Amino acid sequence: MEHVRSYYAASANPAPRRAPLEGEATADVCVIGGGIAGCSTALHLAERGYRVVLLEGKRIAWGASGRSGGQAIFGFAAGQDKLEAQVGKETARRMFDVSVEALDLLKDRVARHSIDCDLNWGQLHVAIKPRHETELKAWREELAERYGYDSLRWLARDELRQLLDTERYLGGLYDSRSGHLHPLHYTLGLARAAESPGAPSTKQRNPQAQPREPSSCNRHGAGAAKKSRLLQPKWKSRAKLRARIRQLEL
Ligand SMILES: Cc1cc2nc3c(=O)[nH]c(=O)nc-3n(C[C@H](O)[C@H](O)[C@H](O)COP(=O)(O)OP(=O)(O)OC[C@H]3O[C@@H](n4cnc5c(N)ncnc54)[C@H](O)[C@@H]3O)c2cc1C
């Protein structure tokens, strides 16, 4: 199974093919799915000294993670107002903080594991109408006051033109903390890092994650690693999954 045809697949670094799972394997945790979520979870666990088996049904980074837009931006596409209306102010605030923490985690991981993924920092929300300028400036104030997010800077037309050679925009809100990367390289890099994460930070074991592809697993663990805890993002019972994660003291 090859990665779906895309710019990312065409420009990807060669990635090793991992052997499929034969018979049974024993691990502390079995992670299902080798996208960003699964590979990141496997790395996180391996860094803490857990033995992990990661089962991917097709190829590591085969799903959304290997073909996304690669934008690493603070917050959520829905916007904080919508989130607040749906989950309340406190939870919306926590979600926002998690999104910012994720950017720091990304930066740290790329540096610590030397993940070559064309990571570039800097992102712009641009204004093409005076109304957009007013809205973007108000948004910047709101994010600074209510969420303590203060890395946004308004670039007036002339300053913006020094970055982008176009007269199309009246200005833009520049965020130095957000950026862009090659999502296929990044996900493959996470898998590689999980295989040899270095010394464990909390447990004295021989940490490692073993990605297995193609190897699939159902939600009851059939065909998976033996005597392991199972982390599968698409479990219907999210409460059960949260309880498992709490048990692991992540
Ligand atoms: C076109 C597009 C553009 C996007 N752009 C952005 C963006 O710019 N910025 C951003 O932050 N997000 C973006 N996203 C969203 C982002 O890509 C996803 O939120 C993220 O990649 C999800 O990661 P994941 O690991 O949960 O899922 P996936 O990457 O889909 O990984 C799931 C993996 O699990 C495997 N799998 C499933 N079931 C089993 C099973 N039973 N056994 C074994 N393996 C199994 C699949 O084969 C797959 O490889 C975009 C998404 C799309 C589709």
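Quick look at the structure, then. All of these numbers come straight from a predicted model, not from anything done at the bench.

Some points on the overall build of the protein
For the protein, the count of helices and strands is 8 helices and 8 strands. Buried positions account for 33% of the 250 residues belonging to the protein. Within the protein, contacts between residues separated by at least 24 positions form 74% of all contacts whose residues are at least 6 apart in sequence.

Here we look at the nonpolar core
Ala42, Leu43, Ala46, Val52 and Ala194 are the most contacted members of the largest nonpolar core, which has 32 residues in total. Elements represented by at least two residues in this core include exactly strand S1 (29–32), helix H2 (36–47), strand S2 (51–55) and helix H7 (183–195). Excluding residues that lie within four positions of it along the chain, Leu43 makes contacts with Leu190, Ala193, Ala194, Pro197 and Ala209. Membership of the second largest hydrophobic core comes to 5 residues, among which are Leu143, Tyr149, Leu152 and Tyr174.

Comments concerning the packing of H2 against H7
One way to put it is that H2 packs onto H7 with a least axis distance of 8 Å and a crossing angle of 25°. Considering their axes alone, H2 and H7 lie roughly parallel with respect to each other. Of the two possible hands of crossing, H2 and H7 adopt the one that is left-handed. Here H2 contributes Ile36, Cys39, Ser40, Ala42, Leu43 and Ala46 to the contact with H7, which in turn contributes Thr187, Leu190, Ala191, Ala193 and Ala194. In the contact of H2 with H7, the residues fall into 9 nonpolar, 2 polar and no charged.

Some details on the site of the ligand
In the neighbourhood of the ligand, 22 residues make up the surrounding shell, with Gly33, Gly35, Gly63, Ser65 and Gly69 lying closest. For the shell around the ligand, the element with the most residues is H2, which contributes 3 residues. Taken together, the residues that form the shell around the ligand break down as 8 nonpolar, 12 polar and 2 charged.

Rules of the game
Residues numbered from 1 in each chain as written. Predicted model: local features only at pLDDT ≥ 70, side-chain atom pairs only at ≥ 80, totals over all residues. Helix = DSSP H or I, 4+ residues; strand = E, 2+ residues; numbered from the N terminus. Buried ≥ 20, exposed ≤ 12 C-beta atoms within 10 Å, placed from the backbone. Contact = placed C-beta atoms within 7 Å. Core = buried A, V, L, I, M, F, W, Y, C linked by C-beta atoms within 7 Å. Axes fitted to C-alpha atoms, helices over the stretch in contact; angles between N-to-C directions. Parallel < 35°, antiparallel > 145°, perpendicular 65-115°, else oblique. Left-handed = near helix turned anticlockwise from the far one by under 90°. Nonpolar A, V, L, I, M, F, W, Y, C, P; charged D, E, K, R; others polar. Near = placed C-beta within 6 Å.

Function cannot be read off these values alone, since they describe shape.
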